[in-house]
Amino acid sequence: SGVTRIFDDQFFVVKIRDKVVLRGRYSIDTSTSPKKIEMEYLTGSLFGTVVHGIYEVSANELKICTTMDGGAAPTQFESEKGSKLALDFYERRSK
């Protein structure tokens with residue numbers, strides 16, 4: 001799909017075919033199960049939007065499930081049609 005999400009310290013960048021389309025900051029809570037993530041978009045079409053979600057990291061994959069309506073973080077990694085949840089999978093790449 002050509003979409004890349006880069007996480008570094010407390011900031012993230014979303015690229016489409018090497019062009020930066022969104023920037024933001026994030027925070028995580030590793031004390032919960034599943035682990036929680038909060039992302040605030042600082043640029044682009046989602047400027048000012050804060051989304052709450054859950055995440056899971058495996059050896060080569062990052063899985064994130066977020067709300068699209070500003071609601072509380074989901075409790076499971078699922079996104080049914082019309083649910084206002086987004087479930088994304090990212091493959092780890094070398095720097």
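Calculation notes
- Residues numbered from 1 in each chain as written.
- Predicted model: local features only at pLDDT ≥ 70, side-chain atom pairs only at ≥ 80, totals over all residues.
- Heavy atoms only, no water.
- Helix = DSSP H or I, 4+ residues; strand = E, 2+ residues; numbered from the N terminus.
- Contact = heavy atoms within 4.5 Å.
- Phe/Tyr/Trp six-rings, centres within 6.5 Å; stacked < 30°, edge-to-face > 60°.
- Buried < 20%, exposed > 50% of the residue type's maximum accessible area, 1.4 Å probe, protein only.
- Lys NZ or Arg CZ within 6 Å of the ring centre and 35° of its normal.
- Pairing = 2+ DSSP bridges.
- Core = buried A, V, L, I, M, F, W, Y, C linked by side-chain atoms within 4.5 Å.

Q: Would you take a moment to explain the side chain of Thr67 for this structure?
A: Residue position: Thr67 is located in strand E6 (residues 61-67). Contact partners of Thr67, with chain neighbours within four places excluded, come to Val51, His52, Ala72, Ala73, Pro74, Lys84 and Leu85.

Q: Would you take a moment to explain the packing of aromatic side chains for this structure?
A: Taken as a whole, this structure holds 3 aromatic pairs when the rule is applied. On the basis of an interplanar angle of 40 degrees and a centroid distance of 6.0 Å, the ring pair of Phe7 and Phe12 is categorised as tilted. A centroid spacing of 5.3 Å and a plane angle of 85 degrees characterise the contact between Phe12 and Tyr41, whose relative ring orientation is edge-to-face. Of this pair, Phe12 sits in strand E2 (residues 11-16) while Tyr41 sits in strand E4 (residues 35-41), placing them 29 residues apart in sequence. The residues Phe12 and Tyr41 share a single accessibility class, namely buried. A connected cluster of aromatic rings, assembled from ring pairs, spans Phe7, Phe12, Tyr26 and Tyr41. In this structure, Lys63 packs its charged tip against the face of Phe77, placed 4.7 Å from the ring centre.

Q: Would you mind going over the pairing of E6 with me for this structure?
A: For a regular strand, side chains alternate in direction, first toward one face of the sheet and then toward the other. With 6 of its 7 residues buried, E6 lies for the most part within the structure. Both strand E5 (residues 50-57) and E6 contribute to a ladder of 5 bridges, which runs antiparallel. Each bridged residue has a counterpart across the sheet, and for Ile54 the counterpart in E6 is Cys65. Hairpin connection, E5 to E6: the antiparallel pair is bridged by 3 residues. Two strands pair when backbone bridges link them, and E6 and strand E7 (residues 85-91) are joined in this way by 7 bridges, in the antiparallel orientation. Within E7, the position partnered with Cys65 by the bridge is Leu87.

Q: Where do I start with the nonpolar core in this structure?
A: Counting 12 residues, the largest nonpolar core is built from Phe12, Val14, Leu22, Tyr26, Ile37, Met39, Tyr41, Val51, Tyr55, Leu62, Ile64 and Tyr90. Elements supplying a minimum of two residues to this core: E2, strand E3 (19-29), E4, E5 and E6. Ignoring anything within four residues of it in the chain, the contact list for Ile64 reads Phe7, Ile37, Met39, Ile54, Tyr55, Ala86, Leu87, Asp88 and Tyr90.

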